Amino acid sequence: MRLVIATGNAHKTEEIRIMLGDLIDEVSDLRAHPEISPPEETGTTFEENAAIKALEVSAALGPESMVLSDDSGLEVDALHGAPGVYSARYAGKAATDVDNRRKLLDEITRAGARGKARSARFRCVMVLARGGNKLGVFEGAVEGIIANEEKGEGGFGYDSLFIPENYCETFGQLPAEVKNSLSHRARALEQVRKALPGHLHA
Ligand code: ITT
């Protein structure tokens, strides 16, 4: 079974490949399909953007390909849910992960949030599609708090700032196996795993 992830983010693809490896023979993404231009994320919710990505890419690839999208981000309570769906472009359209993390720490400091007031969660919405048709929507979230400073080199995006509930270290410090056992993406993928076999044999 082959699955195309409707993403240009290699970190997402790698995590999904590891977590679905036993079920799927081949996981690729838009880097293998340069003929498909990255969908414009015009939605205002994770679900809208996940649907845009899955439907556009699966329509372009045709009915032979099973497609999964991932729209995800970080919601910080002291910032009223920001950066949310704008997580990838928080510090601007061409922002790097470093720029985004710096802006996040600046904004939290400005908001005066300390200790438990730094509560946050990662959210992930995935849409499974084939031939431009939506087959399912799957969600996952993980609660945590924002660290006072960056810690750890692992992962990507905001990982070095996010301490998951019941842990003392950030996703950037924890082994990848720990992140992949409890992350927002892992929890959405648990649902995908349950749904996939039915669609494969449909
Ligand atoms: P695609 O749209 O091509 O999939 P993207 O990186 O632009 O790639 P999103 O629009 O879903 O994806 O934005 C997700 C952003 O949220 C991502 O760039 C990170 O900044 C953050 N994010 C999502 N999941 C994360 C994770 O597991 N660890 C750290 N940061 C994460």
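Relevant structure appears above.
Definitions and limits used
- Residues numbered from 1 in each chain as written.
- Predicted model: local features only at pLDDT ≥ 70, side-chain atom pairs only at ≥ 80, totals over all residues.
- Heavy atoms only, no water.
- Helix = DSSP H or I, 4+ residues; strand = E, 2+ residues; numbered from the N terminus.
- Rg over C-alpha atoms; globule rule 2.2 N^0.38 Å.
- Buried < 20%, exposed > 50% of the residue type's maximum accessible area, 1.4 Å probe, protein only.
- 1 Å grid on protein atoms, 1.4 Å probe; cavity = no way out; pocket = protein on both sides within 12 Å on 5 of 7 lines; lining within 4 Å.
- Points joined across faces, edges and corners; volume = space filled by probe spheres on them.
- Nonpolar A, V, L, I, M, F, W, Y, C, P; charged D, E, K, R; others polar.
- Contact = heavy atoms within 4.5 Å.

Draft legend 1. The overall build of the protein, seen in detail. From N to C terminus, the protein includes 5 helices and 6 strands. Taken from N to C terminus, the helices and strands of the protein fall in the order β-α-β-α-β-α-β-β-β-α-α. By the compact-globule yardstick of 17 Å for 202 residues, the protein fits well, its C-alpha radius of gyration being 17 Å. With the C-alpha coordinates aligned to their principal axes, the bounding extent of the protein is approximately 50 × 30 × 25 Å. With 202 residues in all, the protein has 48% of them scored as buried.

Draft legend 2. Local environment of the layout of surface pockets. The computed volume of the largest pocket comes to approximately 940 Å³. For the largest pocket, the lining is made up of 32 residues, of which Asn-9, Lys-12, Glu-41, Lys-53 and Ala-88 are closest to its centre. For the lining of the largest pocket, the secondary-structure elements that each account for two or more residues are strand E3 (66-76), helix H3 (97-111) and helix H5 (184-200). Element by element, the count of residues in the lining of the largest pocket is highest for E3, at 5 residues. Across the lining of the largest pocket, the residue classes break down as 11 nonpolar, 9 polar and 12 charged. Estimated volume of the second largest pocket: approximately 170 Å³. Contributing elements (two or more residues each) for the lining of the second largest pocket: helix H1 (10-20) and helix H4 (176-182). Tallied by class, residues from the lining of the second largest pocket come to 6 nonpolar, 4 polar and 3 charged.

Draft legend 3. Representation of the side chain of Ser-87 within the structure. Structurally, the position occupied by Ser-87 is in the loop between E3 and H3. With a relative accessible area of 5%, Ser-87 lands in the buried category. If near-sequence neighbours (up to four positions away) are discounted, Ser-87 is found in contact with Gly-73, Leu-74, Asn-100 and Tyr-158.

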